[in-house]
Amino acid sequence: MRPFEYTRASDVAEAGRLTGRFIAGGTNLLDLMKLEVETPAKLVDITRLPLRDIEATDDGGLRIGALVSNSDLAADSRIRNDYEVLSRAVLAGASGQLRNKATTGGNLLQRTRCGYFYETSQPCNKRDPGSGCGAIGGFNRIHAILGVSEHCIATHPSDMAVAMRALDAKVETQKADGSTRILALDDFYRLPGDTPDVENALEAGELITGVRLPKPVSGSHRYRKVRDRASYAFALISVAAVVRMDGGTIADARLALGGMAPMPWRDTAVEKALIGQEPSMATFEKAADILLADAKGQGENDFKIPLARRTLKAVLADATKGA
Amino acid sequence: MKLTINEVEHDLDIDTRTSLLDVCRDHLGLTGSKKGCDHGQCGACTMLVNGRRINSCLTLAVMHEGDVITTIEGLGNPDDLHPMQEAFLHHDGFQCGYCTPGQIVSAVGMLSEVADGWPSHVSADVKNGTSLSGDEIRERMSGNICRCSAYPNIVDAIETASAKMKETA
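If you're wondering where the values come from, they're calculated on a predicted model, not measured in any experiment.

1. With respect to the overall build of chain A
Phase 1: Along the backbone of chain A there are 13 helices and 11 strands.
Phase 2: Taken along its principal axes, the extent of the C-alpha atoms in chain A is 60 × 50 × 35 Å.
Phase 3: Of all 323 residues assigned to chain A, the portion counted as buried reaches 58%.
Phase 4: Intrachain contacts of chain A at a sequence separation of at least 6 include 63% that bridge at least 24 residues.
Phase 5: Working note: accessible area of chain A is about 12,600 Å², and carbon and sulfur atoms make up 48% of it.

2. Here we look at the pairing of strand E3 (residues 46-49) of chain B
Residues and elements named next belong to chain B.
Phase 1: Burial of the side chains of E3 extends over both faces: Thr46 and Leu48 are buried on one face and Met47 and Val49 on the other.
Phase 2: In this sheet, strand E4 (residues 52-55) lies alongside E3 in antiparallel orientation, the contact comprising four bridges. In the sheet register, Thr46 faces E4, and the bridge partner there is Asn55.
Phase 3: Counting the residues between successive antiparallel strands, the hairpin from E3 to E4 contains two residues, one of them, Asn50, with a positive phi of roughly 50 degrees.
Phase 4: For E3 and strand E5 (residues 68-70), the ladder comprises two bridges, and the chain directions are antiparallel.

3. What about the interface of chain A and chain B?
Phase 1: Chain A puts 39 residues into the contact, and the matching count from chain B is 38 residues.
Phase 2: For the chain A face of the interface with chain B, the top three residues by lost area are Lys34, Arg80 and Gln97 of chain A, together amounting to 21%.
Phase 3: Connecting chain A to chain B are three salt bridges.
Phase 4: One salt bridge in this structure joins Glu65 of chain B and Arg8 of chain A, with 3.0 Å as the shortest N-O distance.
Phase 5: Applying the counting criterion to the chain A and chain B interface returns 23 residue pairs in polar contact (both at pLDDT 80 or more).

4. Focus on unusual backbone geometry
Residues and elements named next belong to chain B.
Phase 1: Although it is not a glycine, Glu7 adopts a positive phi angle of roughly 70 degrees.
Phase 2: Mapped onto the elements, Glu7 comes out in the loop between strand E1 (2-5) and strand E2 (8-11).
Phase 3: A residue is classified by how much of its surface remains accessible, and Glu7, at 81% relative accessible area, is exposed.
Phase 4: Non-glycine residue Asn50 carries a positive phi angle of around 50 degrees.
Phase 5: On the secondary structure map, Asn50 appears in the loop between E3 and E4.
Phase 6: With a relative accessible area of 47%, Asn50 lands in the partly exposed category.

5. A few points about the environment of Phe117 of chain A
All names here are of chain A.
Phase 1: Mapped onto the elements, Phe117 comes out in helix H8 (residues 115-118).
Phase 2: Along the sequence, Phe117 and Leu73 sit 44 residues apart, while their C-alpha atoms lie 29 Å from each other.
Phase 3: Setting aside its immediate chain neighbours within four residues, Phe117 contacts Leu32, Val37, Arg111, Thr112, Cys124, Lys126 and Arg127.

6. As for the environment of Ser112 of chain B
Residues and elements named next belong to chain B.
Phase 1: Here Ser112 shows up in helix H4 (residues 100-115).
Phase 2: Classification of Ser112 as partly exposed rests on a relative accessible area of 25%.
Phase 3: Along the sequence, Ser112 and Arg53 sit 59 residues apart, while their C-alpha atoms lie 9.7 Å from each other.
Phase 4: Looking at Ser112, its side chain comes within polar contact range of the main-chain oxygen of Gly109, at 3.0 Å.

7. Side note on the sheet that holds strand E7 (residues 180-184) of chain A
Strand pairing in a sheet takes place through backbone hydrogen bonds and is either antiparallel or parallel in direction.
Residue and element names in this part refer to chain A.
Phase 1: Across the sheet, five strands lie side by side as E4-E5-E8-E6-E7; this open sheet has antiparallel pairing. The sheet is open, and its two edges are formed by strand E4 (54-56) and E7, each paired on a single side. For this sheet the average axis-to-axis angle between neighbouring strands, irrespective of direction, equals 25 degrees.
Phase 2: Relative to strand E8 (residues 207-213), strand E5 (residues 62-65) runs antiparallel, the two being bridged by four bridges. Note that in E8 the partner of Leu62 across the bridge is Leu213.

8. Focus: the sheet that holds strand E2 (residues 21-23) of chain A
Residues and elements named next belong to chain A.
Phase 1: Strand order across the open sheet formed by three strands is E1-E3-E2, with parallel pairing between neighbours. Since the sheet does not close on itself, it has two edges, and those belong to strand E1 (5-8) and E2, each with one partner. Strand-to-strand twist of the sheet, defined as the mean angle between neighbouring strand axes without regard to direction, takes the value 30 degrees.
Phase 2: In the sheet, E2 pairs with strand E3 (residues 42-45) via three bridges, with the strands oriented parallel. Among the inter-strand pairings, Arg21 is bridged to a residue of E3, identified as Leu43.

9. Looking at the packing of aromatic side chains
Residues and elements named next belong to chain A.
Phase 1: Under the definition given, this model contains two aromatic pairs over all chains.
Phase 2: Seen in terms of ring centroids, Phe117 and Tyr118 are 6.1 Å apart; in terms of plane orientation they differ by 75 degrees. Their pairing is edge-to-face.
Phase 3: The class of Tyr118 is buried, set by a relative accessible area of 16%.
Phase 4: Arranged with centres 5.1 Å apart and planes meeting at 80 degrees, the rings of Phe188 and Tyr189 form a pair that is edge-to-face. The same class applies to Phe188 as to Tyr189, namely buried.

10. Here we look at the pattern of salt bridges
All names here are of chain B.
Phase 1: Applying the stated criterion to the full structure yields 38 salt bridges over all chains.
Phase 2: When the shortest N-O distance is used, the salt bridge between Arg52 and Asp116 registers 2.6 Å. With Arg52 in strand E4 and Asp116 in the loop between H4 and helix H5 (134-140), this pair connects stretches of sequence that are 64 residues apart.
Phase 3: Arg52 gets classed as partly exposed once you look at its relative accessible area, which sits at 24%.
Phase 4: According to the relative accessible area criterion, Asp116 is partly exposed, its value standing at 47%.
Phase 5: With its nearest N and O atoms 3.1 Å apart, the salt bridge here joins Asp135 to Arg138.

11. Things to note about the packing of helix H12 (residues 281-291) of chain A against helix H13 (residues 304-320) of chain A
Between two packed helices, both the angle of their axes relative to each other and the distance between the axes serve to describe the pair.
Residues and elements named next belong to chain A.
Phase 1: Orientation of H12 relative to H13, taken along the N-to-C sense of each, is 140 degrees, at an axis distance of 9 Å. Classified by the interaxial angle, the pair formed by H12 and H13 is oblique. The hand of the H12/H13 crossing is right-handed. Between H12, through Met281, Phe284, Glu285, Ala287, Ala288, Asp289 and Leu291, and H13, the contact on the second element is made entirely by Arg309, Leu312, Lys313, Leu316, Ala317 and Thr320.

Calculation notes
Residues numbered from 1 in each chain as written. Chains lettered and ligands numbered in written order. Predicted model: local features only at pLDDT ≥ 70, side-chain atom pairs only at ≥ 80, totals over all residues. Heavy atoms only, no water. Helix = DSSP H or I, 4+ residues; strand = E, 2+ residues; numbered from the N terminus. Buried < 20%, exposed > 50% of the residue type's maximum accessible area, 1.4 Å probe, protein only. Contact = heavy atoms within 4.5 Å. Areas by Shrake-Rupley, 256 points an atom, 1.4 Å probe, with all protein chains shown as cover. Pairing = 2+ DSSP bridges. Buried area = accessible area lost by both parts, 1.4 Å probe. Salt bridge = Lys/Arg side-chain N within 4 Å of Asp/Glu carboxyl O. Polar contact = N/O pair within 3.5 Å; in protein donor to acceptor, adjacent residues only side chain to side chain. Axes fitted to C-alpha atoms, helices over the stretch in contact; angles between N-to-C directions. Phe/Tyr/Trp six-rings, centres within 6.5 Å; stacked < 30°, edge-to-face > 60°. Parallel < 35°, antiparallel > 145°, perpendicular 65-115°, else oblique. Left-handed = near helix turned anticlockwise from the far one by under 90°.

No statement about biological role is implied by the geometric values presented.
Okay, here's the thing in structure tokens:
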């Protein structure tokens, strides 16, 4: 690990002015620093900031402080009862020890698990812009099938963010100059394009202070994660779904997918194709056709296209049954 | 800086890069916690910080001033074993023993999470909590790897210790 200066932020306003890399749970950042994938000259410890609460908002939703641990988030009774898909998604990720340390803000900012990003002897446009992409034409079994560019095919590894995308969560930030803003996850994340090193909209010194959930969405909440082993593994494909039935038809459907794109993936055209329809395999197939119309395999990850189709269909069948 | 480990306060002058695990092993002679992968994947370094289990290899010691830190040495000793240590001995919950301190500390942390009503990935009902079962133990302990594959006996040991700790609670 490269040497770094360590400083502690004592209040939110000060944090952005300390001009360093923020560290909270550290479970991803320190891992990458040990490998010298990340080499910050200065760390700003934000763990003492008062951002550990989950509070009700005026519009009937919740505000999750950026430092709420993944464990505390998944175990919170309001999350378990009113946003079950989020609790399920968080519990599907990492291990007990990591969830105890990892924070809400940090989880949103997880870096990809692409092997070329991790291996500093290999080319990677995300780690070293302009060096090339080793995964294209290389080992790419875990890589993305949607949203990629000729410069990067890495996936975003979070489960939590997939459920948040389905729930229309918004990210609350404070910039170094003290101004604040609220960004929908769609605007927060950036597709790789020709700058895969830019993964989100955060500016230098801009701190995530919390995540806002809108008022609870009724319906069947599902999080289905397909992975290489039953626990403690990243998603090959995951589906977060909130589906509400009215009589025999689908009244509302919110769907987001993980493991298949550089950001938690949501395509409202898929949802539109389901709303107002009677649940049937034909309807689900049509939704999958829309979702995967532009999907492209890279060789080793070709299996993700039929896997995404089957997982989506299985989740929809499960979420609409017995209605 | 000061660190409180197993109820003892230590004055330390360390490089900012030092992990909580390395402080214990290399600076304080607390070598019970093991270094397996040093990347948070194996669980051999598990410690309790403010009662919650974490990977001590993935956290900087300088970030833990004021925290209550418990290592395997703080749970019990050969003359006064913690019920979890006793149960691992009774059930032969290990072969080489390298992962064992991490397994035991993690299991103690895990049982307090269950006692607090935390759900897991395998809980059928996340809303109303769950009781401890073999499947729950296996899921909740997935952050601790045993390359000798002593898993069946580890699960038995945790079930025994859980029952005993409930009796004496």
